[in-house]
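Letter by letter, the chains look like this.
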Amino acid sequence: FGVLEGRGGWMPESGAGAAGGRIGERDDAVAGHALGLVVGTTPATPLQFSVGLAPGQYAQLDDVVTTERLLPGPAGADGRVRISGVVTNVEAVHEGARFASDVFLIADGALPAEVCEVAEVTVTRVEPELYVPPLPGAAVTRATGAQRESALYFDEMGTSRVPVGFGRDGQPVYVNFEFLDGTRGAHVSISGVSGIATKTSFAMFLLHSITNCGVLAGEAHNTKALVFSVKGEDLLFLDYANSKLTPVQEARYAGLGLPATPFGNVRVFAPPRRGDPAGTPDVHARDRAVSPFYWTLAEFCADELLPFVFADAEDERAQYTMLIAQVAARLRRDHVPAGDEGAIKISGVDPANDTIIRTFGDLVSLLEAELSDEELRRQWVSGATVTGSVNALLRRLRSAVQPLSQVVRGDLAHRGERSISTSRAQMTVVDLHNLPDRAQRFVVGVTLRSEFARKERQGTARPLMFVMLDELNKYAPREGDSPIKQILLDLAERGRSLGVILIGAQQTASEVERRILANCAIRVAGRLDAAEAQRPEYGYLPPAQRQRATLAKPGTMFIAQPDIPVPLAIDFPFPAWATRPSEKGTWAGVDTGPARPADPFATIPGARGDPYAGDPPPF
C-alpha cells in the first residue's frame, strides 16, 4: 500500500529513487508546475511517447507539450534536444485494480489503488533534428509562447501565416500560405456532413483571412475569388455586415489580427427569371450589384459549348459521345448571327429548316430534323453512324431543353453585362440554386473553362484567382468522365502554375476523383459521418481525431497541412458577413458602376485616372 500511495503522491520509494537517481529532479518538476513526466512503462520512441500527469494537472486532446533531453557532444547550443508534440489521446486508469468491479471497492476505500492519467503525445518537431526518444522521468510542460510557435512550425512560416481559427488552448492557429498560393503547393479540400460541418462558412472565412491578413501585400486589390452558390441565397450577402455579430465575436477576429468586416467588393450573377423578356436576375432578397447571366445561341455555337450539355459522368461511356464533337464543330463552322439578341441561322441545312433560331428548343428541333434524316445526317457526322447512337444523342438533347432554355437563348434584348466575369470585383458570386442540376453543371463547366483560359492567356500566376466550388463530388466524381471533370483535373494539376487555386467542398471525399484530392496541399474535415470517417481518404486523421470528427460541433474543423505532422483542431469565428436575409446589416459593398474600358493599365490603381483607384481594400 505504501508503494501505491507513493506513486499517487509522486514520491517513489528509496529503492526506485536510488535506481533512477532522479528524486530531486522529479520534485523540481512538480514544484515547477510541470504537466507530468515521461512514463517508463510504455516505450518512448522518437515519434511518440506517453506522459504521466502530475496530481492536479490535466491534459486534453490537441494540447501542445514539450520536453528536453540532454545529450553528450554538440547536440544543440547547450547539448539539449527539445522534443515537442501534440496530445493525441488521454487515458485514465486505476493502478492496482484487477477487475472492473474493483472500482466499487476502491471507491469505498476497501481496496488500495490510485488513479493514473496518461497522455499519449505524437511528436511534431525535434530541434535540433536528432531523433532520439525522451527518457522516462523527463519533465514535460505545456508549450506556450515561442515554444508553441516552434512546436507547430509557426515560427518558420514568417510572413506567410494565414490565421484560420483558434486551437484548443485558445491561441491562434495558422496555415502556411506557401501551400496555398502555389509556391510549395496549392488547393484546399474541405469535407463534412451537409448542414453541420460548416464547410462553406469555413471556406468563406479562409478567403476573408487570406485577403485581410497581409500575405497578399500589394496584390490583394487585384486578387480575385469566384464562388459558386448552390444552396439558397446564403452567399448573396457577403458585402453586408452581420447584424448578429456580438462584441465577443468581434474580439475573436481581433485576436486573429483580422477585421470583423464583411467583404467589400462583391458582384453577383444570377440566371434570368423564366418568362421575363427583360432578363431580370432571379433573386429575391438582394437588390444591388446583381447581373443576369446567360449565353446567346451565337456564343453557344461559336464557343462549341455543346459538350457541356452532356455533363453527367456516366454519359462519357456511351457510344453517342463520339458524335458530340462533330455536331459542335458543324455548329461553330456554319452558324450565322441573326440579330442583336444572339439568334442564329445554320447555313447549308435543309431549306425547310432554314429559319431563325431564337431558343435552345428551336436549336434542338433543328438538330432532330437534320440528324433523323439519313441523307442530311451525313452533313453533320462522318463515317458509319449507328442509328441507335444518334437517337441516344437526340434523347439527351431533348431532355436538356427545359433545364438549359433559361441560360442558353437568343430572345432577350438585354443590353447590360450578362457574361460571367471576375474582372469587375474581387469577389464574384454565381448563384445557381434556382437552376436544375443539369443547368448547374453546364454553368460551372463553361465558366471554369472561360476563367481558366483567361488565366492561361494572362501568362502569369499573379494575381491569384481562388475558385470556391461546393459539392465537388458531383462535378468530379471518382467514377466516369465528363468535360467538367477534365477541367477540374486540369485545374488541380496545372492551376498551381497558373495562379488558379481550388477550394473544394464535399460531403464525401471518398467519392471525389483521387487525383484532385492528391493535389490538395491543405485538407480540412468538419463533422463526418461515422462510416465516411473510416474511409482511406481520411488517413491523415489519427484514429482519435477520426472518432472526434463524428462528434464535432459546427465551427470545429480539423486541418492538416504539410508543415505539421499532426492535424490541428480549430474553431473559427462567427461570420462577420450576413449569411441570410435576416442577418443583413449595413451594406459595405462597392458600386461597381459602368463596365471598365479595355485598358491594359486598368489593373494598376491610379493609372490613367482609373475611377476604381479609390476602391477600399478587397473584401
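Residues numbered from 1 in each chain as written. Predicted model: local features only at pLDDT ≥ 70, side-chain atom pairs only at ≥ 80, totals over all residues. Heavy atoms only, no water.

Caption draft 1: Representation of the overall build of the chain in the model. What the chain contains, in helices and strands, is 19 helices and 24 strands. Counting all 619 residues of the chain, 52% fall into the buried class. Taking as baseline every contact in the chain between residues at least 6 positions apart, the subset at least 24 positions apart corresponds to 71%. Taken as a whole, the chain presents about 26200 Å² of accessible surface, with 52% of it coming from carbon and sulfur. (Helix = DSSP H or I, 4+ residues; strand = E, 2+ residues; numbered from the N terminus. Buried < 20%, exposed > 50% of the residue type's maximum accessible area, 1.4 Å probe, protein only. Contact = heavy atoms within 4.5 Å. Areas by Shrake-Rupley, 256 points an atom, 1.4 Å probe, with all protein chains shown as cover.)

Caption draft 2: Broad picture of the environment of Ala-343. Note on placement: Ala-343 falls in the loop between strand S15 (335-337) and strand S16 (344-346). Measuring from C-alpha to C-alpha, the distance between Ala-343 and Phe-360 comes to 9.8 Å, with 17 residues separating the pair along the chain. If near-sequence neighbours (up to four positions away) are discounted, Ala-343 is found in contact with Val-336, Pro-337, Ala-338, Ile-356, Ile-357, Arg-358 and Gly-410.

Caption draft 3: Layout of the confidence of the model for the chain. In this model, the chain carries a mean pLDDT of 85, and residues with pLDDT of at least 70 account for 87%. A low-confidence stretch, residues 1-32 (pLDDT under 50), is modelled with 29 contacts involving residues beyond four sequence positions or located in other chains. (pLDDT = per-residue confidence, 0-100.)

Caption draft 4: The packing of aromatic side chains, seen in detail. Inspection of the entire model under this criterion finds eleven aromatic pairs. When the ring of Phe-237 is compared with that of Tyr-240, the centres are 6.3 Å apart and the planes differ by 70°; the resulting orientation is edge-to-face. When its relative accessible area of 5% is taken as the criterion, Tyr-240 is described as buried. By way of ring pairs, the aromatic residues Phe-293, Trp-295, Phe-300, Phe-360 and Phe-442 are connected into one cluster. Against the face of Tyr-153 rests Arg-125, its NZ or CZ located 4.7 Å from the ring centre. One residue, Lys-584, lies across the ring of Tyr-240, its end atom 4.8 Å from the ring centre. (Phe/Tyr/Trp six-rings, centres within 6.5 Å; stacked < 30°, edge-to-face > 60°. Lys NZ or Arg CZ within 6 Å of the ring centre and 35° of its normal.)

Caption draft 5: The arrangement of the pairing of strand S19 (residues 465-469) in detail. Burial within S19 is extensive, with five of its five residues counted as buried. The pairing of strand S10 (residues 224-229) with S19 spans four bridges and is parallel. Of the residues in S19, the one forming a bridge with Ala-225 is Phe-466. Taken together, the five bridges between S19 and strand S20 (residues 500-506) define a ladder with parallel strand orientation. (Pairing = 2+ DSSP bridges.)

Caption draft 6: View of the packing of helix H10 (residues 321-334) against helix H13 (residues 387-404). Where H10 meets H13, the axes come as close as 9 Å, and the angle between the chain directions of the two elements is 70°. In terms of axis orientation, H10 runs roughly perpendicular to H13. Viewed along their axes, H10 and H13 form a crossing whose handedness is right-handed. Across the interface between the two elements, Leu-323, Ile-324 and Val-327 from H10 touch Ser-389, Val-390 and Leu-393 from H13. Class assignment for the residues of the contact of H10 with H13 results in five nonpolar, one polar and no charged. (Axes fitted to C-alpha atoms, helices over the stretch in contact; angles between N-to-C directions. Parallel < 35°, antiparallel > 145°, perpendicular 65-115°, else oblique. Left-handed = near helix turned anticlockwise from the far one by under 90°. Nonpolar A, V, L, I, M, F, W, Y, C, P; charged D, E, K, R; others polar.)

Caption draft 7: Inspection of the sheet that holds strand S1 (residues 36-38) at higher detail. Here we have six strands rolled up into a closed barrel, ordered S1-S2-S5-S4-S3-S6, and antiparallel in their pairing. Along the sheet, successive strands turn relative to each other by an average axial angle of 40°, direction set aside. Bridge count between strand S4 (residues 80-95) and strand S5 (residues 114-127): 13 bridges; the pairing is antiparallel. Opposite Glu-95, over in S5, you have Glu-114 as the bridge partner.

Caption draft 8: Spatial organisation of unusual backbone geometry. Between Glu-127 and the following residue, Pro-128, the backbone shows a cis peptide bond with an omega angle of -5°. Its place among the elements puts Pro-128 in the loop between S5 and strand S6 (139-142). The step from Arg-462 to Pro-463 runs through a cis peptide bond, and the omega angle for that step is 0°. For Pro-463, the position within the fold is in the loop between helix H14 (437-458) and S19. Notably, Tyr-153 is not glycine yet its phi reads approximately 65°, a positive angle.

Caption draft 9: Structural context of H14. Taking 1.5 Å of rise per residue, 22 residues should cover 32 Å, and H14 covers 32 Å from first to last C-alpha, within 8% of that figure. Note on H14: the residue one or two positions beyond its end, Gly-459, has a positive phi of about 85°. (Expected span 1.5 Å × (residues − 1).)

Caption draft 10: Summary view of the environment of Met-427. Tracing the backbone shows Met-427 in strand S18 (residues 427-431). For Met-427, a relative accessible area of 0% gives the class buried. Sequence separation of Met-427 and Val-268 is 159 residues, and the distance between their C-alpha atoms is 8.4 Å.

Caption draft 11: Representation of the side chain of Glu-537 within the structure. Take Glu-537: it is sitting in the loop between helix H18 (530-533) and helix H19 (543-549). Within polar-contact distance, the side chain of Glu-537 engages the side chain of Arg-478 at 2.7 Å. If we ignore the near neighbours within four places in the chain, the residues touching Glu-537 are Arg-478, Ala-509, Ser-510, Leu-517 and Arg-523. (Polar contact = N/O pair within 3.5 Å; in protein donor to acceptor, adjacent residues only side chain to side chain.)

Caption draft 12: Spatial organisation of the nonpolar core. Core analysis: the biggest nonpolar cluster contains 84 residues, and Phe-293, Phe-300, Val-309, Trp-380, Leu-432 and Phe-442 have the highest contact counts within it. Apart from residues lying up to four places away in sequence, Phe-442 is in contact with Trp-295, Phe-300, Leu-305, Phe-308, Val-309, Leu-404, Val-407 and Val-408. (Core = buried A, V, L, I, M, F, W, Y, C linked by side-chain atoms within 4.5 Å.)

Caption draft 13: Layout of the pattern of salt bridges. Scanning the entire structure with this criterion turns up 35 salt bridges. Note that Lys-485 and Glu-513 form a salt bridge whose closest N and O atoms lie 3.1 Å from each other. Placement of the pair is Lys-485 in helix H16 (residues 483-498) and Glu-513 in the loop between S20 and helix H17 (514-518), with a sequence separation of 28 residues. Of the charged contacts, one joins Asp-490 and Arg-494 as a salt bridge, the two residues approaching to 2.6 Å between their closest N and O atoms. With Asp-490 and Arg-494 both in helix H16 and four residues apart, this pair spans about one turn of that helix. Judged by its relative accessible area of 25%, Asp-490 falls in the partly exposed class. The class of Arg-494 is partly exposed, set by a relative accessible area of 32%. Where salt bridges share partners, they join Arg-125, Glu-127, Asp-155 and Glu-156 into one cluster. (Salt bridge = Lys/Arg side-chain N within 4 Å of Asp/Glu carboxyl O.)

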